[in-house]
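# Commentary on secondary and tertiary structure
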Amino acid sequence: MDASFSEISELHEKLKNKEISSVELTEYFLQRIKKHNPQINAYLTVTEDAALEEAKEADKIIARRGKISVFTGIPFGIKDLFCTKGIRTTASSKILENYVPPFDATSVQKMRAENAIILGKTNLDEFAHGSSTETSAFGESKNPWDTSRIPGGSSGGSAAAVAAGLAPLALATETGGSIRQPSSLCGVSGWKPTYGRVSRYGVISMTSSNDSIGAIGRSVRDLALTAEVMSGRDEKDATTGNREVPQYSANLRTNLKGMKIGVPAEYFIDGMEDDVKKRVLDAIEELRKLGAEIIDVSLPLTKYGSLVYAIVTPSEISSNLSRFDGIRYGHQAKDARDLAEIYSKTRAQGFGDEAKRRIMTGTYALSAGYYEAYYLKAQKVRRLLVDEFNNVFEKVDCLVCASSPNVAPKIGAAKDNPLFGYIADQLNIPAAMAGLPALSVPCGFGAARDGADGGASSSVAGVQMPVGLQIIGPQWGEQKIFDAGHAYQTVTDWHKKMPPDFVPASPLPGKRK
Amino acid sequence: MAENLKPSSGYAPVIGLEIHVQLKTKSKMFCDSPNNPDETAPNKNICEICTGQPGTLPVANREAVRLAVIVGQALNCRIEEYSKFDRKNYFYPDLPKGYQISQYDRPIAQNGYLDIEVPGENGGSASKRIRIRRAHLEEDAGKNIHPEGADYSLVDFNRAGTPLLEIVTEPDIASAKEAKIFLQELRNIIRYIGAGSADMEKGTMRLEPNISVRKPGQLELPAYKVEVKNINSFRFAESAIEYEIARQAEILKEGGMPKQVTMGWNEKAGQTMEQREKEEANDYRYFPEPDLPILHFSKEYLEEALASIPELPAQKRARFKREYGLPDADIRNLTEWKELTEFFEEAISELDELAGKALPLKFAKMAANWCLQDFSALLNAAKINPLESKVTPHNFAELIKLIEQSKISATAGKQVLAKMFELGGEPSRIMEDLGLAQVSDAAVIEQAINKVVSENAKAVADYKAGLQKSFGFLVGMAMKELKGKGNPQVVNDLLKKKLE
Ligand SMILES: [Zn+2]
């Protein structure tokens, strides 16, 4: 297989056996980015010079040492929400357009320590507020399977980059579906960790109480390898758990005998596209064939998840975005006459509409007299959601459902359909609010639609878009979801499909076998 | 005190205090930057966290939490099993994150009290209990700097994120004097614990009193209160509170009602002035800080903290009275200065050893006097504390012993102490070097007296004729003969005997 769509373990073998050098591999991806990024706008910043320098270093290490980390010399992309020392970090917002952090996020630092090569920073919805990348101040990214369609979001740039073969892996984040949904829409694998499993330090906060730092890659095995690097207690993030990090990749199962997999009735909802439902049911059948026991379960509080999210998220956002005030870094209004104007004009000019909407909603929800009715009550309901999941996980090892109720809609279509986000939220938000780990793995294709209404509009003849299977695990249950996802990928090849327009004409240059 | 505030007038001040104490920790409240209130170069002690860079997270400083718990315990507060941090949201350039991490509804410490000694009737003193409502941890803000004539302002973040303990009393204080006594006692407790320097001049202890006045016969709390800011010394605190009480009482007397405002103390004008603050009700939109886990204090943790509290000023005062029988004023003066008290106690234990037996009370009294007078004067002049001086408690104790045993006169003792302070060293050696040893040997003194008596026949005759003045003259002559080193008591006694 060509390098552009290879798994990390395959690339690692080639690097280790000196079939290719890290410089060659990096140059190859940089060239692909140059050629293809204009089609999909996955990268906002490409760090060509630094990447080649790092690749040279990695080659020296490979030459010097017999045993190298699986990530040594492997290029990857980073969602532009992670602070990267010396590399512009924008959060896709005008307010941080020229911000260069003086430090690395912990997860970035960990990847650097493995001598992985940073290719650049990928696009997202502004401050991760959205599920399409359409709120990015620097233009939306496009879905490599059909560039007239959204890649999903907020980690849409990361998903598009991996789907188009512009990086074998990209770091991403989730607050309420931002890894699972774009992974599903772009036909790649995505891992949203247990809250507290991966340090949030240095990743620009959206909703501190459920931001999760994960990754999007080409296979579950790659994600398991990445999880081993990224996970663990961080002294700089007090919300990380002090739990051992298992060798997830070494223990991956290829059959699922004895595993109990729950299918929650509430996750198969009206408004889901028929093809999506079919593909997910097909996938569940595969899991059964692999030996898993499929059990129907019920999570009646599911519908409240989005309501809790709708209060907690903007509340925390309104506070987390307060630091963007034009005083110390970032955009500052040029025409302000006094302090009040520095604040109001800087923020009016710097933030996009969605950020402003959330700041206003959150400010309202936290105001005196409303706090108890909204924020406090939402947190109580959140506790009930957690309890409900805990109860169901006493009966099953993991849950499966769709990652998104629909395949990727047309750019702009989601904006006109308020239901679009709402139905998707049902599938993604409860687990996010409960801090649970989850995967999205490609499980086939479905007919594309014109609108975003999930089934009401007519399908577009011939256009097939990816569908994702979601696997949700209990708290700290990463191994279980990796097992289920990996076993599934040993008997299917949906994760190996390549969007036709991005299949390389000439394979990676260099010494070949 | 203004005429209308005499207790008999019926106008009764109601004062509650809000005190911010900067905790003495190595690093700041939520990051590793040094916590150094003496740093003068701006933006030296900063990092990505305390300047609010995107994506940075706070981690609570364990030592700050421990100190807060201990101070809470010393103030007889209840320490709940759980405590949490909250965000207080507002915008200001010195506040890097746009919110201050503070504590809202679950402070570290609650419902305590501090007993203070206030002047009682007939010149005595009485104990008064001031209730403590709460004490909570929070981070300090930076400092805005407005360069003269410039059309911009600057921000120094050295102080941003340093740990503060905010202590709030119930409105139990009834006068400026009581407020001052409370503050001094609190300051001493903070210092004894080692939780901070609690120095109002340096800003490591800051006071915001809330003052209102009851009308004669009024039982309920007044419907308003006036907060006073910008108080940075004990003296200002007393003046500002007194001024405010008088101002409010005047308004009430004329049938008015003081406005609920924030005032600032203007030292030059000697009065409080209304601060031009927007008086819109601030809504800080408090909510639990999601970046920090809830604090949990186990029983063992709290027991350990309690056990680590050193002897507090009130206990020390009681013990000094019991053990050394020192006068109240001396005890108070000594214990006000933590390091001097420590020095005194070390000197006392040295004296114990020197004396080789239970310490005579006289030694303690002498040591206290020397600490409070000559030694304090030297320390104050040099602006250092006892532990920084060259006088060791051991040498100091020796000096006291030399004086007590009349091996040196008190006057010469002062010279020796000054020399010890300047150069260090043992007092006996310095005494020798300076030739200051006191002569108590009866034979030597008798010899001098004989000489003086034989050479001053007239004065001897005058004395015998009843002129008392002549005795003093003869003592003086004998001391002169002894080069000033004669033991005055022995000279006196022997001369009297000689002239009988
Ligand atoms: Zn700092």
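Residues numbered from 1 in each chain as written. Chains lettered and ligands numbered in written order. Predicted model: local features only at pLDDT ≥ 70, side-chain atom pairs only at ≥ 80, totals over all residues. Heavy atoms only, no water.

## Description of the overall build of chain B
Our working rule: Numbering of helices and strands starts at the N terminus; helices are DSSP runs of H or I of at least 4 residues and strands are runs of E of at least 2. The globule rule used for comparison is 2.2 Å times the number of residues to the exponent 0.38, while the radius of gyration itself is calculated over C-alpha atoms. Categorising residues by exposure relies on relative accessible area from a 1.4 Å probe, with only protein chains included: less than 20% of the type maximum marks a residue as buried, more than 50% marks it as exposed, and the intermediate range marks it as partly exposed. Between two residues, a contact is recorded if the distance between any of their heavy atoms is within 4.5 Å. When charges are counted, Lys and Arg are positive and Asp and Glu negative, with His and the chain ends excluded. The atoms used to mark charge sites are NZ of Lys, CZ of Arg, CG of Asp and CD of Glu.
Regarding its fold elements, chain B presents 15 helices and 16 strands. Taken over C-alpha atoms, the radius of gyration comes to 30 Å for chain B, far larger than the 23 Å a tight globule of 500 residues would show. With the principal axes as the frame, chain B shows a C-alpha extent of 95 × 55 × 55 Å. Sorting the 500 residues of chain B into buried and exposed places 51% on the buried side. For chain B, contacts bridging at least 24 residues in sequence account for 70% of all contacts bridging at least 6. If you average the places of the 66 positive and of the 74 negative side-chain charges in chain B, the two averages end up 4 Å apart.

## A short note on the packing of aromatic side chains
What counts is decided by this rule: Centre distance within 6.5 Å is the pairing criterion for rings of Phe, Tyr and Trp, where only the six-membered ring of Trp is used; planes under 30 degrees apart are then read as stacked, over 60 as edge-to-face, and the remainder as tilted. By definition here, charges over rings are those cases where NZ of Lys or CZ of Arg is within 6 Å of the ring centre and within 35 degrees of the ring normal.
With the rule as written, the count across this model stands at 31 aromatic pairs over all chains. Arranged with centres 6.2 Å apart and planes meeting at 75°, the rings of Tyr 284 of chain B and Tyr 286 of chain B form a pair that is edge-to-face. Joined through ring pairs, the aromatic side chains of Tyr 99, Phe 127, Phe 324, Tyr 329 and Phe 351 of chain A make up one cluster. It is Arg 87 of chain B that lies over the ring of Tyr 99 of chain B; its NZ or CZ is 4.0 Å from the centre. Positioned above the aromatic ring of Tyr 284 of chain B is the side chain of Lys 88 of chain B, whose terminal nitrogen or guanidinium carbon lies 4.3 Å from the ring centre.

## Observations regarding the packing of helix 6 (residues 328–336) of chain B against helix 8 (residues 361–382) of chain B
All names here are of chain B. For clarity, the threshold we go by: An axis is simply a line fitted to the C-alpha atoms; with a helix, the fit covers only the stretch in contact. Between two such axes, the angle follows the N-to-C directions and lies from 0 to 180 degrees. Should an angle lie under 35 degrees it is considered roughly parallel, over 145 roughly antiparallel, and from 65 to 115 roughly perpendicular; all remaining angles are considered oblique. Working rule for handedness: look at the near helix, and if it is turned counterclockwise from the far one by less than a right angle, call the crossing left-handed; if clockwise, right-handed.
Packing of helix 6 against helix 8 brings their axes to within 10 Å, and their N-to-C directions diverge by 55°. As the angle between them shows, helix 6 and helix 8 are arranged oblique. In the crossing of helix 6 with helix 8, the sense of the turn from one axis to the other is left-handed. In contact with Asp 330, Asn 333 and Leu 334 of helix 6, helix 8 contributes Lys 365, Ala 368, Asn 369, Cys 371 and Leu 372.

## Description of unusual backbone geometry
Only a minority of non-glycine residues have a phi that is not negative, and only a minority of peptide bonds are not trans. Look at the link from Gly 153 of chain A to Ser 154 of chain A: it is a cis peptide, with omega at 5°. Along the chain, Ser 154 of chain A falls in the loop between strand 3 (117–122) and helix 5 (156–163). Even without a glycine there, the phi angle at Asn 230 of chain B is positive, about 65°. Along the chain, Asn 230 of chain B turns up in the loop between strand 12 (226–229) and helix 3 (234–253).

## Here's the deal with helix 10 (residues 339–350) of chain A
Residue and element names in this part refer to chain A. Just so we agree on the cut-off: By this rule the span expected of a helix is its residue count minus one, scaled by 1.5 Å. In protein, a polar contact requires one atom able to donate a hydrogen and another able to accept it; more generally it is a pair of N or O atoms within 3.5 Å, and residues adjacent in sequence count only if both atoms are side-chain atoms.
In a regular helix each residue adds 1.5 Å, so twelve residues correspond to 16 Å; helix 10 covers 16 Å between its end C-alpha atoms and thus fits that length. Listed in full, the buried residues belonging to helix 10 are Glu 341, Ile 342, Tyr 343, Thr 346, Arg 347 and Gly 350. Residues of helix 10 that are buried sit in contact with helix 11 (353–366). Structurally, the start of helix 10 carries an N-cap: the backbone nitrogen of Ala 340 is 3.3 Å from a side-chain oxygen of Asp 338.

## Looking at the environment of Arg 429 of chain B
Along the polypeptide, Arg 429 of chain B turns up in helix 11 (residues 427–433). Residues Arg 429 of chain B and Leu 23 of chain B, 406 residues apart in the sequence, show an inter-C-alpha distance of 43 Å.

## What about the pairing of strand 12 of chain B?
All names here are of chain B. In plain terms, the rule: In this analysis, strands are considered paired if DSSP registers two or more bridges between them. A crossover gets the label right-handed when its path from the first strand over the helix to the second runs clockwise, viewed with the strands pointing away from the viewer.
Relative to strand 12, strand 11 (residues 205–214) runs antiparallel, the two sharing two bridges. Within strand 12, the residue paired with Ile 211 across the bridge is Val 226. The sheet contact formed by strand 12 and strand 13 (residues 262–266) spans three bridges and is parallel. Across the sheet, the residue bridging to Lys 229 is Gly 264, located in strand 13. After leaving strand 12, the chain enters helix 3 and then returns to the sheet as strand 13, a path that is left-handed.

## Topic: the sheet that holds strand 2 (residues 78–79) of chain B
Residue and element names in this part refer to chain B. Taken in spatial order, the nine strands line up as 2-6-7-10-1-11-12-13-14 in an open sheet, and their pairing is mixed. Of all strands in the sheet, those bounded by a partner on one side alone are strand 2 and strand 14 (271–274). Contacts from helix 2 (residues 176–193) reach strand 1 (12–22), strand 6 (109–119), strand 7 (125–139), strand 10 (163–169) and strand 11, with the element oriented near 120° to strand 6.

## Observations regarding the coordination of the zinc ion
Residue and element names in this part refer to chain B. Using the following cut-off: Each metal site is built from N, O and S donor atoms within 2.8 Å (3.2 Å for Na, K and Ca), and since water is not included, such sites may look incomplete. Angle rules define the geometry names used: all angles between 85 and 135 degrees makes four donors tetrahedral, while opposite donors over 155 degrees apart and all other angles between 65 and 115 make four donors square planar and six octahedral, leaving every other case irregular.
Every protein donor of the zinc ion is listed here as Cys 31 (SG), Ser 33 (OG), Cys 47 (SG) and Cys 50 (SG), and their distances to the metal cover 2.1 to 2.3 Å. One can describe the donor arrangement at the zinc ion as tetrahedral, given that its four donor atoms subtend angles of 96 to 118° at the metal. In the primary sequence, the donor residues of the zinc ion line up as C-x1-S-x13-C-x2-C. Remark: Cys 47 occurs in the loop between strand 1 and helix 1 (62–74) and Cys 31 occurs in the loop between strand 1 and helix 1; sequence separation between them is 16 residues. The buried category is assigned to Cys 31, whose relative accessible area is 8%.

## Details of the confidence of the model for chain B
Residues shown with low pLDDT carry predicted positions that ought not to be read at fine detail. Defined as follows: Confidence scores labelled pLDDT are given residue by residue by the predictor and lie between 0 and 100.
Confidence in the prediction of chain B, expressed as mean pLDDT, is 90, and 96% of residues score 70 or more. Residue range residues 1–5 of chain B is modelled with pLDDT below 50. Its contacts to residues more than four positions away, or to other chains, number twelve contacts.

## Some words on the domain arrangement of chain A
Residue and element names in this part refer to chain A. Which entries qualify depends on this criterion: Here the bounds of each domain stem from an automatic or database domain assignment. Values labelled buried area give the accessible surface lost by two parts on being combined, using a 1.4 Å probe and summing over both. Every case where a carboxyl oxygen of Asp or Glu lies within 4 Å of a side-chain nitrogen of Lys or Arg is listed as a salt bridge.
For chain A, the domain assignment lists domain 1 (8–303 + 380–502) and domain 2 (304–379). For domain 1 and domain 2, the distance between their C-alpha centres works out to 27 Å. If you look at the interface, domain 1 gives 32 residues, while domain 2 gives 29 residues. Between domain 1 and domain 2, a total of about 2,500 Å² is buried, with carbon and sulfur atoms accounting for 64% of that surface. When the buried area of domain 1 at its contact with domain 2 is split by residue, Ile 95, His 129 and Lys 380 rank highest and sum to 26% of it. Seen at the junction of domain 1 and domain 2, the total is zero salt bridges. The tally of links from domain 1 across to domain 2 stands at 20 residue pairs in polar contact (both at pLDDT 80 or more).

## Re the sheet that holds strand 5 (residues 99–102) of chain B
Strand order in the open sheet made by the three strands is 5-4-15 (chain B), with antiparallel pairing throughout. With one partner strand each, in any of the chains shown, strand 5 and strand 15 (287–288) of chain B form the two edges of the open sheet.

## Considerations on the domain arrangement of chain B
Residues and elements named next belong to chain B. As far as domains go, chain B holds domain 1 (2–304), domain 2 (313–434) and domain 3 (442–499). Computed over C-alpha atoms only, the centres of domain 1 and domain 2 are separated by 36 Å. Here domain 1 meets domain 2 over a buried area of about 830 Å², counting both sides, of which 41% is carbon and sulfur. The salt bridge partner of Arg 187 is Glu 336, with a shortest N-O separation of 2.8 Å. At the junction of domain 1 with domain 2, the criterion picks out six residue pairs in polar contact (both at pLDDT 80 or more).

## Here's the deal with the interface of chain B and chain A
Definition in use: By the convention adopted, Pro, Cys, Tyr, Trp, Phe, Met, Ile, Leu, Val and Ala count as nonpolar, Lys, Arg, Asp and Glu as charged, and the other residues, Gly among them, as polar.
Contact residues are listed per partner, giving 31 residues for chain B and 38 residues for chain A. Here chain B and chain A share an interface that buries about 2,800 Å² over both sides, 57% of which is from carbon and sulfur atoms. By the criterion of area lost to chain A, the three top residues of chain B are Pro 54, Phe 91 and Arg 285 of chain B, representing 23% of everything that side buries. At the boundary of chain B and chain A, one finds one salt bridge. For Asp 291 of chain B, the salt bridge identified is with Arg 200 of chain A, shortest N-O distance 3.0 Å. Inspection of the chain B/chain A interface yields 16 residue pairs in polar contact (both at pLDDT 80 or more). Tallied by class, the residues present in the side of chain B that touches chain A amount to 18 nonpolar, seven polar and six charged.

## A closer look at the side chain of Ser 33 of chain B
Residue and element names in this part refer to chain B. Tracing the backbone through its elements, the reader meets Ser 33 in the loop between strand 1 and helix 1. The class of Ser 33 is buried, set by a relative accessible area of 5%. Polar contacts involving the side chain of Ser 33 include one to the main-chain amide nitrogen of Cys 47, which spans 3.5 Å.

## Some thoughts on the environment of Gly 202 of chain A
Position of Gly 202 of chain A relative to the elements: it lies in the loop between strand 5 (189–192) and strand 6 (212–217). For the pair Gly 202 of chain A and Pro 499 of chain A, spaced 297 residues apart in sequence, the C-alpha separation works out to 33 Å. Apart from residues lying up to four places away in sequence, Gly 202 of chain A is in contact with Leu 81, Phe 82, Cys 83, Phe 103 and Ala 105 of chain A together with Gly 55 and Thr 56 of chain B.

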